[in-house]
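Structural description and commentary
Chain by chain, the residues:
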Amino acid sequence: MEGNAVDQVFETTDTIRGLFTGDKNLTTSPRKEALREQLYYELTSAEGMEGKQEWADRINDVFNGDAQIEINPRIVSVEVTSEATSDERIDGVTPNAQSIRVDKLPRQSIKRLIVSGIEDRETQTTEEDEENTEGIQKGGEEKKSTTADEAIDEEQGTSEVVKESETSPDRFGDTKQYSDEVETLKRVLNDFKIDIREINSNDIEVGPNVVRFKIRLASHEKNASLKQRMEDIAREMAFEKEPIFEELPGTEYVALDVPRESNVVVPQRDYRDRYKPSDEIETSSLPFLAGVTPDGDVYRSDLSEAPHMLVGGATGSGKTVFLYSLIMNFMEQKGEDNVEFALVDPKETDFIFFDALPNLSNGEVITDAEDAANLFEWLVEDEIPRRKQLLRESVCRDIGEYNEQNPDDQMKPIVVIIDEYSDLLQQLGEDADDTEDNVRRIAQIARAQGIHLVISTQRPSHEAIDTDLRANLDTRVAFRLPKQSDSRILIDEGGAEELGGDGDMLLKEADRTTRLQGLYVDSDDIRNLINQYR
């Protein structure tokens, strides 16, 4: 074809019309069937295309003569020198009274397409197109879509994440203010030769502690290629801290969690309505709200399934407040009659006011190192054997079965919280080895008897938490730590050294690590709890 763009478009239009309305040899039945077969092949092999059945019906109607072909000529003009920031659409008429549409793509759009691959641009559908679309909608397809959404909701409802259905998606910040960073991130990844399929600004999640960018990598791209570039991405995008790479199981995306300049406080008292319903709490279970996820939902876990926990974090990171939150969770969800505490506070500062609690194993918070050593010795030599004997006599496997069979003689779970474990060992001096052996023994054998350890330390070193003990503390909670080596000791991977402090945390359960903002408990919350028992 020769001539200008408009002439070429209309010559092509006439050729297409001639396929079905003319008498040329090209429109003979064998040729039509060959064309139909080719169209079907292209349709069925297209990836990510929706409504394939609808398009198949349209093709059949056209080739059977049951539908009239309407061709809308369109020119896409690449405006390389244009400084415009958005696409422009023009509906015009040629000197021969022929209607034509021209879409102008400025340099910014071309750059976006080069960086992120071909994307679906926003369609500006005419009223006529909308009417046609509505005309071919099928009720069965609409019903099927609704059913799929319901299935997704049901699946999410069974997870550990408690959905905040009544909460605005912009509760912790406006996602629109980060749309420019999406384009910058696309450019940076392109510069690093990391191929992506999609980063959608509509999928940004603004949480209380991080802004999460969801990235769909190209099928051939490995997660490691992105993960090892965190430091470079932080430099190129002028982030104050390195983003943290997160896998998103069950989706095609991975996440880049960028710490916010300042965290949003999330008081625990605002989330009491997310507690597990009392009629669903078993006598052996210890449910707690761990924190708020980057998308604003509440993450709920259970210490009885842990069954022990190791918590680490530097001063001011939020570690002690998290321990307060655990106590508040168990007291408010279980009540004083259904859980027992043993609180060890060698610094004599952080937990001493919990002395008023009526369900302390020793009747008071333990501050003396020798008393703590005696507690662990009593658990190993007396309490665990006593509970084992009760289970044996009742032919029960664990505390849950025992409580079901003995409703009038319930066995309470015991939560042992040790603040600053390394300080405790230092105070014990030569007797530290015996205490370590007892603590290790509890971690190894006490789950079935309903005794659970929560060990906290500022320095998660190999000397403070030996390998055997650490191996039995399956659930790990990491707040901000000074070094990457500390993070690797605590959660078996880096990342805690880049946390923002003030409750910014990583919760590791089995092989899954979740970024959370811990729930805040202030002095008034603790005072209100304690005053109930004075």
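Residues numbered from 1 in each chain as written. Predicted model: local features only at pLDDT ≥ 70, side-chain atom pairs only at ≥ 80, totals over all residues. Heavy atoms only, no water.

Considerations on helix 10 (residues 319-334)
Quick note on the threshold: Secondary structure elements follow DSSP: runs of H or I of four or more residues count as helices, runs of E of two or more count as strands, with numbering from the N terminus. Multiplying 1.5 Å by the residue count of a helix minus one yields the expected span of that helix. Only protein chains enter the accessibility calculation, which uses a 1.4 Å probe; a residue whose area is less than 20% of its type maximum is buried, one above 50% is exposed, and one in between is partly exposed.
Helix length check: helix 10, at 16 residues, gives a terminal C-alpha distance of 23 Å against a target of 22 Å (1.5 Å per residue), a fit within 8%. In terms of burial, helix 10 is a largely internal element, 14 of the 16 residues being buried.

Brief notes about the packing of aromatic side chains
Going by this rule: Aromatic rings from Phe, Tyr and Trp, taking only the six-membered ring of Trp, are treated as a pair when their centres fall within 6.5 Å; an angle between ring planes under 30 degrees marks them as stacked, one over 60 as edge-to-face, and anything in between as tilted. For a ring to carry a charge above it, either NZ of a lysine or CZ of an arginine must fall within 6 Å of the ring centroid while also lying within 35 degrees of the normal to the ring plane.
With the rule as written, the count across this model stands at 8 aromatic pairs. A cation over a ring is seen here: R229 above F192, with NZ or CZ 4.3 Å from the ring centre.

Remarks on helix 13 (residues 421-428)
Stated formally: When checking whether two residues touch, look at their non-hydrogen atoms; a contact exists if any pair is within 4.5 Å.
Counted residue by residue, helix 13 has 6 buried out of 8 residues, so it is predominantly covered. Buried residues of helix 13: Y421, S422, D423, L424, L425 and L428, and no others. Buried residues in helix 13 make contact with strand 13 (340-344), helix 11 (369-393), strand 14 (414-418), helix 14 (432-445), strand 15 (451-457) and helix 15 (467-471). Directly after helix 13, the chain includes G429, whose backbone phi takes a positive value near 60 degrees.

Description of the nonpolar core
So the rule is basically this: By nonpolar core is meant a set of buried Ala, Val, Leu, Ile, Met, Phe, Trp, Tyr and Cys residues that side-chain atoms within 4.5 Å join together.
With 39 residues, the main nonpolar core has F376, V416, I442 and I455 as its most contacted residues. Contributing elements (two or more residues each) for this core: strand 13, helix 11, strand 14, helix 13, helix 14, strand 15 and helix 16 (484-491). Sort the elements by how many residues they give to this core and helix 11 lands first, with 8 residues. Once residues within four sequence positions are removed from consideration, I455 is found in contact with M309, L310, V311, I418, Y421, V439, I465, L469 and L473. Grouped together as the second largest cluster of nonpolar side chains are 38 residues, Y299, F322, M328 and L516 included.

Here's the deal with the pattern of salt bridges
A side chain with one charge may pair with a side chain of the opposite charge, provided their charged atoms come close. Operational definition: Only one rule defines a salt bridge in this text: a Lys or Arg side-chain nitrogen within 4 Å of an Asp or Glu carboxyl oxygen.
Counting across every chain of the model gives 27 salt bridges. Between D522 and R269 there is a salt bridge; the shortest N-O distance is 3.3 Å. Here R269 lies in the loop between strand 9 (254-259) and strand 10 (287-292) and D522 lies in the loop between strand 18 (512-517) and helix 17 (523-531), a separation of 253 residues in the sequence. With a relative accessible area of 38%, R269 lands in the partly exposed category. Where E420 meets K319, a salt bridge forms, and the shortest distance between an N and an O atom there is 2.9 Å. Taken together, the positions of E420 in the loop between strand 14 and helix 13 and K319 in helix 10 put the pair 101 residues apart, joining distant regions of the chain. Of the residues examined, E420 reaches a relative accessible area of 2% and is grouped as buried.

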